[in-house]
Amino acid sequence: MMKILIAIVVALWAGASPTLAEESVRVSDAWARASVLASRPVASYLTIESAVEDRLLGVTTPVAGHVMIHAVEKDGDVSRMKHIETLELPTGERITLAPGGMHLMLMGLQDKLGEGTTFPMTLSFENAGEVTVEVFVLGIAAEGPQEVAE
Amino acid sequence: MTLGKTTHLRRIRYGLWFLVTIAALVLGGAYFVRTISVREPPSVTTGEAAIRSEFSLIDHNGNRVTEADFLGRWQLVFFGFTHCPDVCPTTLAYMANVLDRFGGEVERVAPIFITVDPSRDTPEVMAEYVQAFHPKLVGLTGSEAAVAAAAQSFRVYYERMEEETAPDGYLMAHSGHIYLMTPEGRFEDVFREADQSAEDMATDVLARMNGK
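Residues numbered from 1 in each chain as written. Chains lettered and ligands numbered in written order. Predicted model: local features only at pLDDT ≥ 70, side-chain atom pairs only at ≥ 80, totals over all residues.

## Details of the confidence of the model for chain A
The condition that has to hold: pLDDT: the predictor's confidence for each residue, scored from 0 to 100. Helix and strand assignments come from DSSP, with helices taken as H or I runs of at least 4 residues and strands as E runs of at least 2, each series counted from the N terminus.
On average, residues of chain A score 84 in pLDDT, and 80% of them reach the 70 mark or higher. Helix H1 (residues 2-20) of chain A is the least confidently modelled element of chain A, averaging 54 in pLDDT, while strand S9 (residues 118-125) of chain A averages 97, the highest of any element.

## Quick notes on helix H2 (residues 87-100) of chain B
All names here are of chain B. Our working rule: Multiplying 1.5 Å by the residue count of a helix minus one yields the expected span of that helix. We call a residue exposed when 12 or fewer other C-beta atoms sit within 10 Å of its C-beta, buried when the count reaches 20 or more, and partly exposed for counts in between; the C-beta positions come from the backbone.
In a regular helix each residue adds 1.5 Å, so 14 residues correspond to 20 Å; H2 covers 20 Å between its end C-alpha atoms and thus fits that length. By the criterion of burial, H2 is predominantly enclosed, with 12 of the 14 residues buried. Restricting attention to buried positions, one finds in H2 the residues Val87, Cys88, Pro89, Thr90, Thr91, Leu92, Ala93, Tyr94, Met95, Ala96, Val98 and Leu99.

## Structural notes on the sheet that holds strand S5 (residues 138-141) of chain B
Residues and elements named next belong to chain B. Stated precisely, the cut-off is as follows: Here, strands pair whenever DSSP counts at least two bridges between them. Helix axes are fitted only over the stretch in contact, all axes being lines through C-alpha atoms; the angle between N-to-C directions runs from 0 to 180 degrees. Contact criterion: two residues are in contact if their C-beta atoms, reconstructed from the backbone, are within 7 Å.
Taken in spatial order, the 7 strands line up as S2-S1-S5-S4-S3-S8-S9 in an open sheet, and their pairing is mixed. Each edge of the open sheet is held by one strand with a lone partner, namely strand S2 (64-66) and strand S9 (187-192). On average, each strand axis in the sheet is tilted by 35° relative to the strand beside it, whichever way the strands run. With 2 bridges joining them, strand S1 (residues 56-59) and S5 adopt antiparallel strand pairing. Bridge pairing in S5 places isoleucine 58 opposite threonine 141. H2 contacts strand S3 (74-80), strand S4 (109-115) and strand S8 (177-181) of the sheet and is inclined by roughly 165° relative to S3.

## A short note on the packing of H2 of chain B against helix H5 (residues 198-209) of chain B
Angle between the axes and distance between the axes: these two values describe a pair of packed helices. Residues and elements named next belong to chain B. Going by this rule: If an angle is under 35 degrees, it is roughly parallel; if it is over 145, roughly antiparallel; if it lies from 65 to 115, roughly perpendicular; otherwise it is oblique. Helix crossings fall into two classes, left-handed where the near helix is turned counterclockwise from the far one by less than a right angle and right-handed where it is turned clockwise. Nonpolar residues are Ala, Val, Leu, Ile, Met, Phe, Trp, Tyr, Cys and Pro. Charged residues are Asp, Glu, Lys and Arg, and all others, Gly as well, are polar.
Contact geometry for H2 and H5: axes closest at 8 Å, N-to-C directions at 55°. Taken as axis vectors, H2 and H5 run oblique relative to one another. Of the two elements, H2 crosses H5, and the hand of that crossing is right-handed. Contacts between H2 and H5 involve Tyr94, Asn97 and Val98 from the first element and Ala198, Met201 and Ala202 from the second. Residues belonging to the contact of H2 with H5 are distributed by class as follows: 5 nonpolar, 1 polar and no charged.

Structure follows, in structure tokens:
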């Protein structure tokens with residue numbers, strides 16, 4: 001029941017988002033994995049597409065003390081998270097943050113992020129300014145919002 | 001006076017030649033030694049044969065366990081840490097998905113998660129963490145030395161990366177492999193979450209379990 005409800009909300013929100021995005025930057029499919037333990041960092045993922053060349057300068061959310069943009073570097077078999085200061089957004093290129101790759105690491109969470117909840121997150125772009133999106137908290141095993149909508 | 005000066009210069013000249021000779025010998029010797037060591041056959045590790053399951057750790061219930069406690073079951077072993085936001089939850093959720101596809105055969109499998117961050121991942125922390133993923137998942141921790149020895153036996157690489165803004169000022173880098181070990185504790189294969197679907201991995205592992 002909860003899953004269906006989330007699916008409906010995600011579907012509505014996905015359908016509604018293009019009309020919201022009159023800005024040059026479009027942020028979509030923002031989601032996070034629910035916390036497994038309190039005081040552990042949580043990863044959040046989303047898709048960004050910019051009509052003009054832009055740059056993501058930083059991310060904030062009231063639920064976390066600090067948000068870092070992380071890329072994952074594969075050095076042979078070893079995965080290293082690499083902190084990136086700014087994320088380049090080439091014109092018209094869709095940048096997808098997804099499990100096992102680039103992600104936003106939310107640290108210093110006030111509370112556990114519970115499955116089925118949402119929270120706001122503000123992305124600051126060099127050109128587009130601030131864009132606030134609602135992030136959906138999916139289960140700890142979620143691979144993405146599509147999975148829930150199925 | 002002139003004669004004295006000439007002798008003096010000659011001495012300097014001999015001295016310099018002496019130094020050049022010494023330098024040539026040292027450099028030549030160094031080159032020789034290097035050449036020799038380069039020619040030595042590199043120690044060939046066949047990798048797979050070198051991976052062993054050997055450890056003495058504490059499980060998430062606080063019991064001391066060794067590899068012997070898991071013999072008789074196929075083991076799926078993954079190294080990670082609970083402060084890891086992306087790769088570890090992704091891989092453990094994937095492992096749980098694989099386990100769910102084993103049906104009744106899951107009793108023949110021991111899924112094991114070994115932390116590379118034992119100072120923060122105490123047995124209590126591990127208990128809460130592994131239970132969130134799968135009821136069968138066993139969390140193992142121990143002293144830094146015991147964890148290092150376990151990682152060494154599996155040929156798992158990990159390192160601490162100082163990162164000012166990360167919780168407690170560091171992150172861990174580690175290999176994201178799931179090791180499949182036989183009921184005798186021998187290395188069978190290695191899987192990575194990104195390489196195949198959970199269903200495909202489950203099918204593959206079940207086929208090996210059933211000797212196909």
